[in-house]
Amino acid sequence: MGNHNHHGHHHHGHGHTHDHGHDHDHSHGHGHGHAHVHAPANFGKAFAIGITLNTALVVAEAIYGYLGNSTALLADAGHNLSDVLGLVVAWGASVAARRAPSGRFTYGFRASTILAALANAVFLLVATGAIGWEAILRLREPEPVAGVTVMVVAGIGILINGFTALLFASGRKDDINIEGAYLHMAADAAVSLGVVISAALILWTGWLWLDPVTSLVICASILWSTTSLLRGSIDMSMAAAPKGTDLAAIKAFLLARPGVSAIHDLHVWPISTTETALTCHLVMPSGTADAFLVETAQMLKATFRIGHTTLQVETHPDNGCALAPDDVV
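The chain is annotated in an unreviewed UniProt entry as Cation transporter of Bradyrhizobium campsiandrae.

Laid out in structure tokens, this is it:
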């Protein structure tokens, strides 16, 4: 197991994820940058295609929304613009996350993925506020809308967003940024569908107020989807253990390891949107061997997806910090 420990990280037990090129690497081989044998290239292409198509869509929706006098189409353009910005930021962060550590940035630039998710959420809130305001003004005096134009452009929007969402579908389990891109695109396809339906109803019934109302519904949906992204990225910024981390189970696992009589100062935190680190002090009265540390790290990785484990072994129960106020256990 521990025979490919040549990569100067910690020396403990993340050898077993380097399948070098097997298809399942990117699903659970995300302990550190170079275990991503091919995922980054795939998503690099996905980001490039997504950004290009969506930029073209934003321009088309903005022009035709303005010419066709539709706030719903403009809202969709705003929604898509925030996605383009989000994709740019997420792509930049995923590239930065693979840069080697240097100088004071001993973890490299991995945490930029967390900042990206946060910035993305803020972009969305700003775009929503501006469009919502315009829609509210429109409700007071509805204006005629070029229904057919709106339907065609929003219809193209459904295709582009649906296609882009598929590009990111495979990576959404492993990375909040890929998930953010995926959710935005899927939501956008739904939003564009809403715009098409609203334009069709306006053509059919002549109810001009449907356009700003659709716009407000879009805004509400953006706000709804943004709150979870915002909460998730703020949690990560605060070094909260990643969602789904079972701290009680980790605690029980460490206490059950042979020779461990007590543990303290257990900390689990995200290094990036895909990588998790753990530090803990183990009280082991009879001491331990390196093999125990390597094996424990490998088991933590296999069971709890923790890629960076650092364990401190103490032979005496009280090493001065066992009763510290920040004690977690």
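What follows concerns the overall build of the chain. Scanning the chain from N- to C-terminus turns up 9 helices and 3 strands. Listing every helix and strand of the chain by position from the N terminus yields α-α-α-α-α-α-α-α-β-β-α-β. Expressed as a percentage of its 329 residues, the buried residues of the chain come to 45%. Partitioning the intrachain contacts of the chain with sequence separation of at least 6 by distance along the chain shows that 71% fall at a separation of at least 24. Within the structure as shown, the chain displays about 15800 Å² of accessible surface, and the carbon and sulfur contribution to it stands at 67%.

Attention shifts here to the side chain of Ser70. Here Ser70 lies in the loop between helix 2 (39–67) and helix 3 (71–96). Residue classification places Ser70 among the buried residues on the basis of a relative accessible area of 0%. Reaching out from Ser70, the side chain makes a polar contact with the side chain of Asp211 at a distance of 2.8 Å. Not counting residues up to four positions away in its chain, the partners in contact with Ser70 are Gly65, Val145, Val150 and Asp211.

Tallying each qualifying case throughout the model produces 2 salt bridges. A salt bridge links Glu295 to Arg257, with the shortest nitrogen-to-oxygen separation between them at 3.1 Å. Remark: Arg257 occurs in the loop between helix 8 (247–256) and strand 1 (262–270) and Glu295 occurs in helix 9 (residues 290–304); sequence separation between them is 38 residues. Classification of Glu295 as partly exposed rests on a relative accessible area of 41%.

What follows concerns helix 9. A rise of 1.5 Å per residue sets the reference length of helix 9, with its 15 residues, at 21 Å; its end C-alpha atoms lie 21 Å apart and thus fit the reference within 8%. Among the residues of helix 9, Phe292, Leu293, Val294, Thr296, Ala297, Gln298, Leu300 and Lys301 are the ones counted as buried. On its buried face, helix 9 sits against helix 8, strand 2 (276–283) and strand 3 (308–314). One or two steps after helix 9, the chain reaches Arg305, where phi turns positive at roughly 60°.

Quick look at the UniProt feature "transmembrane region" (unreviewed entry) in the chain now. The positions that UniProt labels "transmembrane region" (unreviewed entry) are, in the present scheme, residues 46–67, 109–133, 145–169, 181–207 and 213–230. In residues 213–230, the share of helix is 100% and the share of strand is 0%. The end C-alpha atoms are 25 Å apart.

Residue position: Ile176 is located in helix 6 (residues 176–205). Between the C-alpha atoms of Ile176 and Ala116, which are 60 residues apart in sequence, the distance is 9.9 Å. Setting aside chain neighbours within four positions, we find Ile176 in contact with Ala117, Leu229, Gly232, Ser233, Met236 and Thr273.

Let us now look at the pairing of strand 1. Within strand 1, 7 of the 9 residues are buried, leaving the element largely enclosed by the surrounding structure. As judged from the 7 bridges shared by strand 1 and strand 2, these two strands associate in the antiparallel manner. By the bridge assignment, Trp269 is partnered in strand 2 with Ala277. Hairpin geometry of strand 1 and strand 2 is characterised by an intervening segment of 5 residues between the two adjacent antiparallel strands.

Right, let's get into unusual backbone geometry. One non-glycine residue, Asn69, lies in the positive phi region at around 65°. Tracing the sequence through the fold places Asn69 in the loop between helix 2 and helix 3. Take Asn69: its relative accessible area is 21%, and that puts it in the partly exposed class. Residue Ala239 is not a glycine yet carries a positive backbone phi of 60°. In this structure, Ala239 sits in the loop between helix 7 (210–237) and helix 8. Among the residues examined, Ala239 registers a relative accessible area of 40% and is labelled partly exposed.

The next point concerns the pairing of strand 3. Where strand 2 lies against strand 3, 7 bridges are found, and the strand directions are parallel. Bridge assignment links His281 to a residue of strand 3, and that residue is Gln312.

So, how was this worked out
Residues numbered from 1 in each chain as written. Predicted model: local features only at pLDDT ≥ 70, side-chain atom pairs only at ≥ 80, totals over all residues. Heavy atoms only, no water. Helix = DSSP H or I, 4+ residues; strand = E, 2+ residues; numbered from the N terminus. Buried < 20%, exposed > 50% of the residue type's maximum accessible area, 1.4 Å probe, protein only. Contact = heavy atoms within 4.5 Å. Areas by Shrake-Rupley, 256 points an atom, 1.4 Å probe, with all protein chains shown as cover. Polar contact = N/O pair within 3.5 Å; in protein donor to acceptor, adjacent residues only side chain to side chain. Salt bridge = Lys/Arg side-chain N within 4 Å of Asp/Glu carboxyl O. Expected span 1.5 Å × (residues − 1). UniProt positions renumbered as here; feature names shortened; annotations may be inferred. Pairing = 2+ DSSP bridges.

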